[in-house]
Amino acid sequence: MLTELVLASSSIDPVIYVWDFRSGTVLLTFKQNTCYQNDMALLPFPGQSGRAALVMAAQTDKPLIHVYSWQKEQVHQKFVCPETLFSLAITGLGSYCAGGTGNGKIYIWELSTGNLCKVFDAHYRKVNILRFTSDDAALISGSEDAGINIWLLSSILDESTNEIPSPYSSWTSHSLPITDIICGIGNFRTARILTSSLDNTCKLWDLSTGHLLTTFIFPTNISSLALDPAERSFFAAGGDNLIYQMNLYRRREESGYMASRHNYIEAVGGAGDIEDIGMQDRDNNRLVFSGHNARIITMTLTYDGTLLLSGSEDGNVLLWDIASRQILKTFTHHKGPVTNLCTFLQPPDLSKLGISMERTYIQPIMPFKRIRQDPSQQRKGIDDTEDVTMFLNDRKKDIKLLAIKEPIRDPTSTEYHDLQKAKNTLMQLQSRNTTTPLQSQINELQSELLRVHDNYQKVKGLHNEMYQGLVEEFMRRRKT
């Protein structure tokens, strides 16, 4: 049975909590983390966008990204960034990571290699939020300069030019800083985008054309958004500690002779219309969720769209039933503002009683580079590997026995000569016409080659440990 969990972080409380929001059981906590709103993302397994492999969180007080795995509470990896990041996003397929800075720059990293693909000035002020579209075709950025830019990922990753990429389109209808962006379902040509701002408005856009479809005016500023999975309605967290529900479809009222025979459902707004959610709706408690005692910072919906989770500045997380707008549970795990909430399916390697004791596979991830290299230099490491290749029988198929990804630095070492001798022997065997004896000799040499390489790695590790111990002992004696 699939179990849905929620992950919550804070900008002050240095703990990330993972719990089952239906039972209230805390399954896991991650230590040493404080991150801003929209500064945390889940990295999926390759080809499994619905399965979360790692948790990535940009830190508030230093230019670091902490990576957490489901196998331990402590930090799994730490990446040093060129600047402190204020927003973070990962593509749906887990191929690229984007980070926004306080001076308007956007960094793009390739997750499989850690290479810094592009750095460019996207806005004049801090990048508050980054979102990738459902098909990973575009990156959407929102800033404190009240601007929203649409960037085609193909244009950002274009290696044929070093010019600063130009946005596909720019939306400037908001007048105050952008607080949240939600990408609707569908590909680039059919998706709709919902944005919110401190100017008391939410706007619905057509992504491909850039046309403003509808403007929703609220009685207060909006800090966070949540969109129904079927895009029937959306939820807006207001600065007055209330959550407003806005239906995107309504029943059309007909009058006259044909009114009783036809029943119409029409979309709200469109063609730039304005919908005013006025004070009367709030006073009448119409489609309004009331229960928080502090400003709401973040919200998220469950997969089926029947429950809503909201986190506020006082550290409380409320679980709402959308149909009745009643509070089902209140969670008080955090001792500071709740800045991020994210629902996801329970990973197979996370048991109900905590960390699974079975041996599991951890998604590999390379450290992020801080300096962008030329594409030719990024591929240089491939040419530096020492490959052992042989031909079998008809010589139509190459089989690589071993590729040492780290160049051997000492040509005079015995390990280097052993590897070269094994390679030369294999090359000599290629000229022979025997089949069965050749195959047996190849298998023996392959085993010997792997054994030599393993011993070399062990010796290298011991050498590093001895060197580190001597340095520490020297520094200790020097202090005394």
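Residues numbered from 1 in each chain as written. Predicted model: local features only at pLDDT ≥ 70, side-chain atom pairs only at ≥ 80, totals over all residues. Heavy atoms only, no water.

## Looking at the overall build of the chain
A count of helical and extended segments in the chain gives six helices and 35 strands. Here the chain, with 480 residues, has 46% of them falling under the buried criterion. Taken as a whole, the chain presents about 24700 Å² of accessible surface, with 50% of it coming from carbon and sulfur. (Helix = DSSP H or I, 4+ residues; strand = E, 2+ residues; numbered from the N terminus. Buried < 20%, exposed > 50% of the residue type's maximum accessible area, 1.4 Å probe, protein only. Areas by Shrake-Rupley, 256 points an atom, 1.4 Å probe, with all protein chains shown as cover.)

## Re the sheet that holds strand β27 (residues 296–301)
If you trace the four strands from one edge of the open sheet to the other, you get β27-β28-β29-β30, paired in antiparallel fashion. Every interior strand has two partners, whereas the edge strands, β27 and β30 (326–331), have only one. Recorded for the sheet is a direction-independent mean angle of 25° between the axes of neighbouring strands. As judged from the five bridges shared by strand β29 (residues 317–321) and β30, these two strands associate in the antiparallel manner. Its bridge partner being in β30, L318 is matched across the sheet by T330. (Pairing = 2+ DSSP bridges. Axes fitted to C-alpha atoms, helices over the stretch in contact; angles between N-to-C directions.)

## Comments concerning unusual backbone geometry
Positioned with a positive phi, D136 is a non-glycine residue whose angle comes to about 60°. Its identity as a non-glycine residue notwithstanding, N241 has a phi of 70°, on the positive side. Checked against the element boundaries, N241 lands in the loop between β21 (233–238) and β22 (242–247). By relative accessible area, N241 is classed as partly exposed at 21%.

## Topic: the pattern of salt bridges
Within this structure, the stated rule accounts for 11 salt bridges. Two residues, R477 and E473, come together in a salt bridge whose shortest N-O distance is 2.9 Å. Separated by four residues within a single helix, R477 and E473 lie in helix α6 (residues 436–479), roughly one turn from each other. With relative accessibility at 58%, the residue R477 sits in the exposed group. With a relative accessible area of 27%, E473 lands in the partly exposed category. (Salt bridge = Lys/Arg side-chain N within 4 Å of Asp/Glu carboxyl O.)

## Digging into the pairing of strand β28 (residues 307–312)
Most of β28 is tucked away, with six of its six residues classed as buried. Residues L307, L309 and G311 point to one face of β28 and L308, S310 and S312 to the other, with burial holding for every one of them. Bridge count for β27 against β28 is five bridges, and the pairing is antiparallel. Among the inter-strand pairings, I296 is bridged to a residue of β28, identified as S312. Between the end of β27 and the start of β28, which pair antiparallel, lie five residues, with G305 showing a positive phi angle near 75°.

## Examining the nonpolar core
M56, I65, L111 and F368 are the most contacted members of the largest nonpolar core, which totals 21 residues. Only β4 (40–45), β5 (48–58), β6 (64–68), β8 (85–90) and β10 (105–110) provide two or more residues apiece to this core. For this core, the leading source of residues is β5, giving four residues. Beyond its immediate stretch of four places on either side in the chain, L111 contacts L43, M56, I90, G94, S95, Y96, C97, I365, M366 and F368. One finds I182, F216, L227 and V268 within the second-largest nonpolar core, a separate group that totals 18 residues. (Core = buried A, V, L, I, M, F, W, Y, C linked by side-chain atoms within 4.5 Å. Contact = heavy atoms within 4.5 Å.)

## Considerations on the sheet that holds strand β19 (residues 212–217)
Ordered by their spatial adjacency, five strands build an open sheet running β16-β17-β18-β19-β25, and the pairing between neighbours is mixed. Of all the strands in the sheet, just β16 (178–183) and β25 (273–276) have a single pairing partner and so form its edges. Averaged over all pairs of adjacent strands, the angle between strand axes in this sheet comes to 15°, irrespective of strand direction. Here strand β17 (residues 192–197) pairs with strand β18 (residues 201–206) via five bridges, running antiparallel. Counterpart to L194 in the pairing with β18 is L204.

## Topic: the packing of aromatic side chains
Throughout the structure, instances matching the rule amount to 16 aromatic pairs. Here the aromatic residues F30, Y68, W70 and F344 are joined through ring pairs into a cluster of three or more. The residue whose ring lies beneath R51 is F45, and the NZ or CZ to ring-centre distance is 3.9 Å. (Phe/Tyr/Trp six-rings, centres within 6.5 Å; stacked < 30°, edge-to-face > 60°. Lys NZ or Arg CZ within 6 Å of the ring centre and 35° of its normal.)

Bear in mind that shape data such as this cannot, by itself, settle questions of function.
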